[in-house]
Amino acid sequence: MESTSRSKSFTFLGAVLIAAGTSIGAGMLALPVLTGLAGFWPAVTIYIACWIIMTYASFMLLEVNLSMGYEANLLSMAKTTLGPVGKAITFATYIFLFYSVSVAYLSVSGSLINSLLFVIFKTSFSSWVGISLSFLLYAPALYSGTRVVANTNFFLVFGIVVSYALLIALGASYINVDYLMHSDWKYTLMGIPVIATSFTFQNVIPSLTTYLKRDFKLLKWVIILGGLIPLIIYVIWEWFVLGIVPLDGPVGIHSLLQNGQPASQALKSLIQNNSVITFSQTFAFCAIATSYLGVILSLFDFLADGFNIKKTGNGKLILCSLIFIPPFVMAILFPKIFLTALSYAGSFGCVTLFIIIPALMLWSNRYKRKVKSLFTTIGGKLSLIFMMLLGLAIIVLQFFLTFKVIPSS
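What counts and what doesn't
- Residues numbered from 1 in each chain as written.
- Predicted model: local features only at pLDDT ≥ 70, side-chain atom pairs only at ≥ 80, totals over all residues.
- Heavy atoms only, no water.
- Helix = DSSP H or I, 4+ residues; strand = E, 2+ residues; numbered from the N terminus.
- Rg over C-alpha atoms; globule rule 2.2 N^0.38 Å.
- Buried < 20%, exposed > 50% of the residue type's maximum accessible area, 1.4 Å probe, protein only.
- Contact = heavy atoms within 4.5 Å.
- Areas by Shrake-Rupley, 256 points an atom, 1.4 Å probe, with all protein chains shown as cover.
- Lys, Arg positive; Asp, Glu negative; His and termini not counted.
- Charge placed at Lys NZ, Arg CZ, Asp CG, Glu CD.
- Salt bridge = Lys/Arg side-chain N within 4 Å of Asp/Glu carboxyl O.
- Core = buried A, V, L, I, M, F, W, Y, C linked by side-chain atoms within 4.5 Å.
- Axes fitted to C-alpha atoms, helices over the stretch in contact; angles between N-to-C directions.
- Parallel < 35°, antiparallel > 145°, perpendicular 65-115°, else oblique.

Chemist: Tell me about the overall build of the chain, and please be specific about residues and values.
Modeler: Looking only at helices and strands, the chain has 16 helices and zero strands in total. Relative to the compact-globule value of 22 Å for 409 residues, the chain shows a C-alpha radius of gyration of 21 Å, a close match. For the chain, the spread of C-alpha atoms along the principal axes amounts to about 60 × 50 × 50 Å. Within the chain, buried positions represent 54% of all 409 residues. Partitioning the intrachain contacts of the chain with sequence separation of at least 6 by distance along the chain shows that 82% fall at a separation of at least 24. Carbon and sulfur atoms form 69% of the exposed surface of the chain, whose accessible area is close to 18,100 Å². For the chain, the centre of its 23 positive side-chain charges and the centre of its 10 negative side-chain charges are spaced 11 Å apart.

Chemist: Run through the pattern of salt bridges, naming residues and quoting values.
Modeler: When their charged atoms lie close together, side chains carrying opposite charge are able to pair. Counted according to the given criterion, the structure contains two salt bridges. Note that Glu63 and Arg366 form a salt bridge whose closest N and O atoms lie 2.9 Å from each other. Taken as a pair, Glu63 in helix H3 (residues 40-66) and Arg366 in helix H15 (residues 338-368) lie far apart in primary sequence, 303 residues in all. Taking the relative accessible area as the measure of exposure, Arg366 reaches 14% and is therefore buried. Salt-bridge contacts for Lys186 lead to Asp184; the nearest nitrogen and oxygen are separated by 2.9 Å.

Chemist: Describe unusual backbone geometry, and please don't skip the residues or the numbers.
Modeler: Most peptide bonds take the trans configuration, and most residues that are not glycine carry a negative phi. Even without being glycine, Lys213 reaches a positive phi, approximately 55°. Its location among the elements puts Lys213 in the loop between helix H9 (205-211) and helix H10 (216-242). Looking at Lys213, the relative accessible area reads 68%, which means it is exposed. Of note, Lys370 is a non-glycine position whose phi angle comes to about 55°, a positive value. Its location among the elements puts Lys370 in the loop between H15 and helix H16 (381-402).

Chemist: Quick rundown of the side chain of Lys316? Include the residues and the values.
Modeler: Relative to the helices and strands, Lys316 is located in helix H14 (residues 314-333). Overall, Lys316 belongs to the buried group, its relative accessible area being 16%. Dropping the residues within four chain positions of it, Lys316 is found in contact with Tyr143, Ser144, Phe300, Lys310 and Lys311.

Chemist: For the nonpolar core, give the residues involved together with the corresponding values.
Modeler: Counting residues in each nonpolar core, the largest one holds 129 residues, and the members touching the most others are Tyr138, Trp237, Phe240, Leu299 and Phe324. Here this core takes 17 residues from H3, the largest share from any one element. Those residues in contact with Phe324, other than ones at most four positions away along the chain, are Phe135, Tyr138, Ala139, Leu142, Tyr292 and Ile296.

Chemist: Run through the packing of helix H12 (residues 263-270) against helix H13 (residues 274-307), naming residues and quoting values.
Modeler: Put simply, H12 and H13 touch, their axes get as near as 9 Å, and they point 170° apart. Relative to H13, the element H12 lies roughly antiparallel. Contacts between H12 and H13 involve Ser264, Gln265, Leu267 and Lys268 from the first element and Ile277, Ser280, Gln281 and Ala284 from the second.

Chemist: Give a detailed account of the environment of Thr352, specifying residues and quantitative values.
Modeler: Along the chain, Thr352 falls in helix H15. What Thr352 contacts, discounting residues up to four positions off in sequence, is Thr93, Ile357, Pro358 and Ile395.

Here it is, written out as structure tokens:
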């Protein structure tokens with residue numbers, strides 16, 4: 001009996017870490033840059049608001065998922081609730097979202113690898129060199145299979161935990177409290193699209209539902225804790241970066257925004273401590289790598305299911321080509337696309353796929369199909385309408401940011 005209880009606790013912990021790990025990724029490196037002009041306290045306010053919104057969106061998706069059979073995925077859920085058109089929109093949005101994220105991850109991975117090459121060879125390399133080496137690191141792992149990806153991910157997560165803790169501990173003495181007092185609320189909106197993406201783990205909810213054997217009580221806590229852990233980590237990271245990086249200067253927030261660079265680049269330049277620089281670069285690379293491995297693994301299964309491609313021999317080669325070649329070409333052509341790609345992924349892909357579509361699916365389930373679920377999310381029609389309108393508002397916000405209707409620098 002005790003052994004069964006311990007096993008259940010371990011399974012629950014694993015599910016929480018999967019959810020939290022899926023959320024924490026390269027977006028974390030962009031968050032302080034995109035929220036820096038607003039300031040620390042406005043950024044924290046938006047973080048909490050986005051966490052609440054994305055947690056509710058997760059509950060919507062969970063209710064729909066638990067109303068269906070075992071191993072129902074996003075495509076089958078959309079087809080059942082919204083029909084062929086809903087399935088097609090879900091498929092297209094999924095591809096757009098995760099290709100955008102892939103471009104961002106390859107781009108910033110290449111930048112970090114080039115930084116490492118500079119340290120080793122004392123010479124600068126073209127952006128395509130780092131991006132190509134990133135491609136050569138990720139592609140063989142995916143082709144080798146899920147077990148290799150999972151084992152690689154385990155060591156990378158360990159690297160994140162260790163490097164993050166040491167980075168904060170050693171770098172805290174460099175914090176300038178005056179920097180944290182800056183506040184300019186007119187810039188709060190520009191970070192929302194990426195912040196929303198940074199609380200995204202809804203794509204693994206169907207898998208976690210099966211993993212926890214449809215235990216909705218445990219799943220509720222997985223969703224809450226899976227978002228709360230990243231929230232705490234993001235706030236500490238925001239405090240750390242904005243307490244060190246100034247608004248102006250060659251490596252200030254304005255400069256990072258203009259050049260599409262992550263926060264780790266500024267920390268490397270501002271903190272003249274080899275250990276802190278090493279931990280900063282290690283943390284950045286591991287954070288990107290863990291998320292990117294999750295992205296390409298989910299894309300692998302999604303494309304195999306969507307195009308009915310077998311995961312053996314030539315099929316694996318075709319899938320890897322579909323996953324890597326388009327983002328690789330985009331990252332080569334636009335090496336500074338990191339922040340832009342994440343912003344578009346958040347505003348158009350993430351919001352559509354994980355806020356608007358779940359609200360529409362749940363509306364169909366409750367009020368058209370009259371289907372009961374093992375779990376019922378609080379709120380009725382007004383809550384679902386609010387979520388749909390909120391999703392549309394974030395998309396409009398990105399449009400305004402793109403065309404400089406709202407200040408972004």
